[in-house]
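What the coordinates show
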Amino acid sequence: MRFVHLFVICALIFGAAYVYRIKMESTVRTESVLRLRADIRKERDSIAALKAEWAKLESPKRLQELASRHLSLRPIEAMQYDSLKNLPPRPPSFVRPGDPDPIGTMIESVDLEALAKAASEDESLTGSIPKPEGAQ
């Protein structure tokens, strides 16, 4: 019977130590969570301060004052625009309406079978030209 009592006392001590360890781990994790929340709050406050500073720096009134102080710009006047009749003439067109597309004609005239045959003979090509059927 004493052996059973000794076993139960040891089990109670082990259980108490295990519960204490769990409590300490949860306390440490809680403290780390609180520390992280404080860091997040601090970062959010600094972001809010930076956004407020940016809004102040990009305000239109401040930019207008800086532009008038440092740039020699004048307001646009209505007389600065020219009329449409003073535009230069349209450049001449070298292709007549109804003529076939010259670049498209050159592309269509390329012999794809001859290129594929040359590709099968020359191993240095990248393979972007398809090989003709039956060639290996």
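Taking an unreviewed UniProt entry as the reference, the protein is identified by name as Cell division protein FtsL belonging to Candidatus Afipia apatlaquensis.

1. A closer look at the overall build of the protein
From N to C terminus, the protein includes four helices and zero strands. For the protein, the sequential pattern of α-helices and β-strands runs α-α-α-α. Here the protein, with 136 residues, has 2% of them falling under the buried criterion. Accessible surface computed for the protein: about 13,700 Å², of which carbon and sulfur atoms make up 63%.

2. Topic: the pattern of salt bridges
Opposite charge on two side chains allows them to pair when their charged atoms are near. Here the structure, examined in full by the defined rule, presents one salt bridge. Residue Arg21 is joined to Glu25 by a salt bridge in which the shortest nitrogen-to-oxygen separation is 3.9 Å. In this pair, Arg21 and Glu25 are both assigned in helix 1 (residues 2-57), four residues apart and thus about one turn of the helix distant. Among the residues examined, Arg21 registers a relative accessible area of 46% and is labelled partly exposed. Its relative accessible area of 37% is what places Glu25 among the partly exposed residues.

Cut-offs and rules
- Residues numbered from 1 in each chain as written.
- Predicted model: local features only at pLDDT ≥ 70, side-chain atom pairs only at ≥ 80, totals over all residues.
- Heavy atoms only, no water.
- Helix = DSSP H or I, 4+ residues; strand = E, 2+ residues; numbered from the N terminus.
- Buried < 20%, exposed > 50% of the residue type's maximum accessible area, 1.4 Å probe, protein only.
- Areas by Shrake-Rupley, 256 points an atom, 1.4 Å probe, with all protein chains shown as cover.
- Salt bridge = Lys/Arg side-chain N within 4 Å of Asp/Glu carboxyl O.

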